[in-house]
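The lines below spell out each chain.
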Amino acid sequence: MHMFTCLRVWQFIVRKPSTVNRHCRFVVRMSSTDRTGPSDTKKSFEDKYFDCAANGNVEELKFLLQATFNSDHRNDKGWTALMLAARNGQVHVIEALLQKGCDINLVNKTGQTAEDIAVFWDQKKAANMLTDFIKKENPDKQLRNYFSLNNLDRMAENRKDKDWLQSRLKKETTRFIIFSDLKPLVRLSGDATQRYKYTLVRLAYSDIEFLLKTNPLLVFLGVESDESTKDNSTVLDEAGQALFALDVTDTDESKFKTLVGEAEFTTSYHVLMQLEPSDAGIFAEARSLLDWLDRYKFCATCGSATTVAEGGYKRICDNKSCRTNKGIHNTCYPRTDPSVIMLVVSPDGKRCLLGRKKQFPAKMYSCLAGFMEPGEALEDTCRREVYEESGVRVGRVDYHSSQPWPFPCSLMLGCLAHATSENIKVGEDEMEDVQWFRRSELVQMLTKQHPQGLYIPPEQAIAHQIIKAWVRMTANL
Ligand SMILES: NC(=O)c1ccc[n+]([C@@H]2O[C@H](COP(=O)([O-])OP(=O)(O)OC[C@H]3O[C@@H](n4cnc5c(N)ncnc54)[C@H](O)[C@@H]3O)[C@@H](O)[C@H]2O)c1
Ligand SMILES: [Mg+2]
Ligand SMILES: [Mg+2]
Ligand SMILES: [Mg+2]
Ligand SMILES: [Zn+2]
């Protein structure tokens with residue numbers, strides 16, 4: 001099997017550690033000099049935090065975690081508290097950190113996760129705990145990119161039945177998520193130190209009934225399923241909680257302040273990237289659908305008005321003699337625009353090609369990406385886009401994972417592309433810069449320790465995940 005085709009599985013398989021790592025003993029650093037001033041206080045706070053993790057001082061660690069503090073903070077070797085606890089087999093600390101929502105997938109400067117470290121140092125109990133946690137979070141051992149975790153059963157057959165939809169709408173357990181001008185209504189839940197601290201506000205039918213008089217856009221998103229209902233459609237239909245998205249664009253937003261208190265309609269990228277991952281998946285479905293319903297009001301074939309059907313999943317042309325009313329036509333269904341995003345690896349396998357689009361924030365580099373064109377295989381889109389943007393030629397292409405990108409309806413198909421040439425000719429129509437980066441530099445960019453301050457997109461972006469995967473798979477180079 002080719003190295004990259006087994007990558008998803010690979011992520012959970014422990015690798016043979018390198019000799020360099022084996023001789024690199026970790027020492028917990030205590031603050032040794034007299035320090036004063038706010039930055040020194042912060043430093044000693046961090047030292048204390050790492051010290052507690054390494055030495056198993058779980059009570060003090062829990063106390064420190066209550067403060068506004070990033071629990072995934074790293075020391076100068078790129079180690080997190082979870083890695084230190086894994087190194088020393090501090091299972092109670094590991095338990096507390098996982099409960100806190102620490103990121104189990106982060107890697108240190110040599111590309112090791114906490115799980116890799118526990119296995120490497122023979123900390124069996126800690127390694128088992130970390131492995132079990134990963135399995136529980138991700139039983140199919142498949143990378144779930146942000147915006148793709150959606151636990152709804154969309155019940156595509158049932159949503160064709162108007163009576164069924166109507167009865168669902170009014171059911172006591174049914175919930176509604178609210179959008180105004182494509183901004184979701186969110187609230188801060190959990191504490192401010194958590195990575196994913198926003199949730200979608202869910203309202204009951206009795207809360208929103210008064211809004212239905214004006215016939216707003218209403219989309220049936222699905223029924224929330226869990227372990228007990230997911231394989232039994234009858235039970236799911238009876239017991240599952242239905243979820244709708246309601247568009248309140250024409251309603252005074254302040255009405256919702258009285259209805260839900262501390263909540264806000266937001267388009268802030270910062271907030272949207274901190275939604276609970278399962279809510280991010282629901283948001284992606286709802287936002288793409290509402291956007292499509294709003295922008296495709298007229299029939300693409302004859303220009304007549306259309307009527308929303310199937311819980312928002314179809315638009316039917318009002319013109320009875322229209323071609324789209326005879327047979328099945330894709331113009332009646334929501335759009336998804338596939339695009340490719342690829343990490344291009346150099347012919348010697350030691351460097352990767354990253355670029356800057358003109359509109360990127362300063363110093364951010366990412367994978368090259370581009371929309372698929374009609375009649376193209378995704379491998380060929382990769383080859384064409386890489387050539388257009390960088391002048392580099394690509395041979396073999398391997399699939400990594402995908403990510404819905406609901407702004408408005410892209411589906412990112414993440415790949416690893418193997419270059420057959422090296423010379424760069426920046427495609428200036430689109431790109432500002434394209435460069436080859438060595439693995440060590442990617443690690444610095446990944447851990448925000450690059451000497452020139454260069455960095456890559458955050459972990460919610462598929463680009464980050466593909467880069468991280470390559471850094472992991474080449475840890476022993
Ligand atoms: N997650 C990431 O790290 C990351 C990084 C880069 C790009 N992306 C995403 O990848 C997608 C494609 O990348 P790109 O913008 O570089 O594509 P691209 O290289 O094909 O260039 C964009 C241009 O393609 C044209 N185009 C063709 N089909 C289009 C469509 N269906 N919608 C919009 N424009 C279309 C437009 O002229 C547009 O300006 C975008 O959605 C972008 O947001 C994500
Ligand atoms: Mg592009
Ligand atoms: Mg392009
Ligand atoms: Mg293009
Ligand atoms: Zn028509």
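Everything numeric here is computed off the predicted structure, so don't read it as measured data.

Turning our eyes to something else, we now look at the overall build of the chain. The helix and strand tally for the chain stands at 17 helices and 16 strands. For the chain, long-range pairs separated by at least 24 residues make up 69% of all intrachain contacts whose partners lie at least 6 apart in sequence. Here the chain displays about 23,600 Å² of accessible surface, and carbon together with sulfur accounts for 50% of that area.

Summarising the metal site, the magnesium ion (ligand 2) is bound by the protein donors A369 (O), E389 (OE) and E430 (OE), whose distances to it range over 2.0 to 2.2 Å. When the donors of the magnesium ion (ligand 2) are listed by position in the chain, the intervening gaps give A-x19-E-x40-E. Taken as a pair, the magnesium ion (ligand 2) and the magnesium ion (ligand 3) show a spacing of 3.2 Å, with E389 coordinating each metal. Remark: E389 occurs in helix α15 (residues 378-390) and A369 occurs in strand β13 (residues 368-371); sequence separation between them is 20 residues. Judged by relative accessible area, A369 falls into the partly exposed class, the value being 24%.

So, about the environment of M372. Along the polypeptide, M372 turns up in the loop between β13 and α15. The class of M372 is partly exposed, set by a relative accessible area of 22%. Residues M372 and H329, 43 residues apart in the sequence, show an inter-C-alpha distance of 21 Å. Non-local contacts of M372, meaning those with residues more than four positions away in its chain, are made with P338, S339, V340, A377, L378, T381, R384 and L413.

Looking now at the pairing of strand β11 (residues 337-345). Sheet faces and side chains relate simply in a regular strand, where the side chains alternate between the two faces. The element β11 is extensively covered by neighbouring structure, given that eight of its nine residues are classed as buried. Relative to strand β15 (residues 410-419), β11 runs parallel, the two sharing nine bridges. Note that in β15 the partner of V344 across the bridge is A417. For β11 and strand β12 (residues 351-357), the ladder comprises two bridges, and the chain directions are antiparallel. Each bridged residue has a counterpart across the sheet, and for V344 the counterpart in β12 is L353. As consecutive antiparallel partners, β11 and β12 are separated by five residues, and within that stretch G349 has a phi angle of approximately 75 degrees, a positive value.

Our focus in this paragraph is the packing of aromatic side chains. Counted according to the given criterion, the structure contains 16 aromatic pairs. Taken together, a centroid distance of 5.7 Å and an interplanar angle of 20 degrees make the contact between Y146 and Y196 stacked. Separated by 50 residues along the polypeptide, Y146 in the loop between α8 (124-137) and β1 (152-153) and Y196 in the loop between β3 (183-188) and β4 (198-200) bring together distant segments of the chain. Within the aromatic cluster, the residues linked to one another by ring pairs are Y146, F147, F179, Y196, F283, W405 and F407. The ring of Y313 is capped by R159, whose NZ or CZ atom sits 3.7 Å from the centre of that ring. Cation over ring: R351 sits above W436, and NZ or CZ is 5.6 Å from the ring centre.

With that settled, the discussion passes to the packing of helix α16 (residues 439-446) against helix α17 (residues 462-473). At their nearest, the axes of α16 and α17 sit 10 Å apart, and the two run at 135 degrees to each other. Taken together, the axes of α16 and α17 are oblique relative to one another. You can see that α16 and α17 cross each other, and the crossing is left-handed. Together, R439, L442, V443 and L446 of α16 and H464, I467, K468, W470 and V471 of α17 make up the contact between the two elements.

A complete count under the given rule lists 18 salt bridges for this structure. The partner of E157 in a salt bridge is K160, with the nearest N and O atoms 3.5 Å apart. Of the charged contacts, one joins R384 and E373 as a salt bridge, the two residues approaching to 3.7 Å between their closest N and O atoms. Of the two residues, R384 is situated in helix α15 and E373 in the loop between β13 and α15; the sequence distance between them amounts to 11 residues. Given the relative accessible area of 18%, R384 is considered buried. On the basis of relative accessibility, which here comes to 43%, the residue E373 falls in the partly exposed class.

In the UniProt entry, the feature "domain: Nudix hydrolase" (unreviewed entry) is given for residues 334-460. Split by type, residues 334-460 is 17% helix and 39% strand. Its first and last C-alpha atoms lie 24 Å apart.

Below, the discussion takes up the coordination of the magnesium ion (ligand 3). The protein atoms that coordinate the magnesium ion (ligand 3) are E385 (OE), E389 (OE) and E430 (OE), at distances spanning 2.1 to 2.2 Å. Read in sequence order, the donor residues coordinating the magnesium ion (ligand 3) give the pattern E-x3-E-x40-E. The exposure class assigned to E389 is buried, which follows from its relative accessible area of 2%.

With numbering matched to this structure, UniProt assigns "repeat: ANK" (unreviewed entry) to residues 77-109. Annotated as 48% helix and 0% strand, the span residues 77-109 places its first and last C-alpha atoms 6 Å apart.

Conventions and cut-offs
- Residues numbered from 1 in each chain as written.
- Chains lettered and ligands numbered in written order.
- Predicted model: local features only at pLDDT ≥ 70, side-chain atom pairs only at ≥ 80, totals over all residues.
- Heavy atoms only, no water.
- Helix = DSSP H or I, 4+ residues; strand = E, 2+ residues; numbered from the N terminus.
- Contact = heavy atoms within 4.5 Å.
- Areas by Shrake-Rupley, 256 points an atom, 1.4 Å probe, with all protein chains shown as cover.
- Donors = N, O, S within 2.8 Å, 3.2 Å for Na, K, Ca; no water.
- Buried < 20%, exposed > 50% of the residue type's maximum accessible area, 1.4 Å probe, protein only.
- Pairing = 2+ DSSP bridges.
- Phe/Tyr/Trp six-rings, centres within 6.5 Å; stacked < 30°, edge-to-face > 60°.
- Lys NZ or Arg CZ within 6 Å of the ring centre and 35° of its normal.
- Axes fitted to C-alpha atoms, helices over the stretch in contact; angles between N-to-C directions.
- Parallel < 35°, antiparallel > 145°, perpendicular 65-115°, else oblique.
- Left-handed = near helix turned anticlockwise from the far one by under 90°.
- Salt bridge = Lys/Arg side-chain N within 4 Å of Asp/Glu carboxyl O.
- UniProt positions renumbered as here; feature names shortened; annotations may be inferred.

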